[in-house]
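# Summary of structural features
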Amino acid sequence: MSNFPAAPASYTVGPGEAHVWRVPLASIHADTRQLRGLLSPSECARADRFALERDAARFISCRANLRVLLARYTGVPPERLVLRYEPYGKPSLAGATGWQFNVSHSRDLAAIAIARYDAVGVDLERIDPGFPRAEVAPDVLSEDEMRDLAAMPAEEQAKWFFQLWTLKEALLKAAGFGFGMDPSKIRIRLNGPPAVISAPADFNGASLQQFSLGEGYASAFAMLGRVTALSIFSL
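Let us look at the structure shown here.

Positive phi values are uncommon outside glycine, yet Arg107 reaches one of about 55°. The residue Arg107 is located in the loop between strand 4 (99-106) and strand 5 (109-116) in this model. Its identity is not glycine, yet Tyr117 carries a phi of approximately 75°, on the positive side.

At a closest axis distance of 9 Å, the pairing of helix 5 (residues 143-151) and helix 6 (residues 154-174) adopts a crossing angle of 155°. Taken together, the axes of helix 5 and helix 6 lie roughly antiparallel to each other. Every pair of crossing elements has a handedness; the one defined by helix 5 and helix 6 is right-handed. Every residue of helix 6 that contacts helix 5 at Glu145, Asp148, Leu149 and Ala150 is listed here: Gln157, Trp160, Phe161, Leu164 and Lys168.

Counting 27 residues, the largest nonpolar core has Leu141, Trp160, Phe161, Leu171 and Phe203 as its most contacted members. Elements with a contribution of two residues or more to this core: helix 4 (133-140), helix 6 and strand 10 (217-223). Leu141 has contacts with Met146, Leu149, Trp160, Phe161, Leu164, Lys168 and Ser184, leaving out every residue within four places of it along the chain. Formed by 21 residues, the second largest nonpolar core is a distinct cluster that contains Leu69, Leu81, Ala110 and Ile114.

Glancing now at the packing of aromatic side chains. Evaluated as defined, the whole model comprises 12 aromatic pairs. Ring geometry for Phe161 and Trp165: centres 5.7 Å apart, planes at 55°, overall tilted. One end of the pair, Phe161, and the other, Trp165, are both in helix 6, 4 residues apart, so they sit about a helical turn from each other. Accessibility classification places Phe161 together with Trp165 in one group, the buried group.

What follows deals with the pattern of salt bridges. With the rule as written, the count across this model stands at 9 salt bridges. In this structure, the salt-bridge partner of Arg36 is Asp48, at a minimum N-O distance of 3.0 Å. Taken together, the residues span a long stretch of sequence, with Arg36 in helix 1 (residues 33-36) and Asp48 in helix 2 (residues 41-48) at a distance of 12 residues. Judged by relative accessible area, Arg36 falls into the partly exposed class, the value being 24%. Sharing partners across several salt bridges, the network here consists of Arg54, Asp55, Arg58 and Asp108.

The rules we used
- Residues numbered from 1 in each chain as written.
- Predicted model: local features only at pLDDT ≥ 70, side-chain atom pairs only at ≥ 80, totals over all residues.
- Heavy atoms only, no water.
- Helix = DSSP H or I, 4+ residues; strand = E, 2+ residues; numbered from the N terminus.
- Axes fitted to C-alpha atoms, helices over the stretch in contact; angles between N-to-C directions.
- Parallel < 35°, antiparallel > 145°, perpendicular 65-115°, else oblique.
- Left-handed = near helix turned anticlockwise from the far one by under 90°.
- Contact = heavy atoms within 4.5 Å.
- Core = buried A, V, L, I, M, F, W, Y, C linked by side-chain atoms within 4.5 Å.
- Buried < 20%, exposed > 50% of the residue type's maximum accessible area, 1.4 Å probe, protein only.
- Phe/Tyr/Trp six-rings, centres within 6.5 Å; stacked < 30°, edge-to-face > 60°.
- Salt bridge = Lys/Arg side-chain N within 4 Å of Asp/Glu carboxyl O.

The following block contains the structure:
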């Protein structure tokens, strides 16, 4: 259970405003039969390619709930929304001028960010102490961040690493690069409110927010502009 409101007063967002939705995902395929009817043929085909029924159920649940939420904001029926994908895989809405959104999911939880005008990114990761940080960190963290990580107590390293990971991925997703751009070229301050210390010019003026959507998860939001209000809700 979460303590987030179940709905906003109005499904509208102004400049600099964003809504982030916490979405529990179905893990049993039987729970997704009606939801599947909201998906496009290509999304259904993608769901059918999952080897595990659990993963297919999570995918269907995430995409259907994304469509339901976007329908509430845009007024377009969920099954009629047309999603398109940019070169690095960032989704967008065809024929819905100004709407920005982004999606992330990890295990049985998803995060969906919705805004107008300014591009947004969201990332959600399960904090895994067994993740091979020593192998991955040099490709993700800057040299200063690597030194900071090495100096931390061992029991704090996993949380700190995934906090940085989600902030960087949210930022890269907002810009439409994903990990098509080297995340080690971005340096982020974690002490106090997260902020970009140094990064390529693409991220000038970007805003970062960090929050918890569930015990054992790291999650972050980025906007390529100034955030004036960020609200979190839960389906």
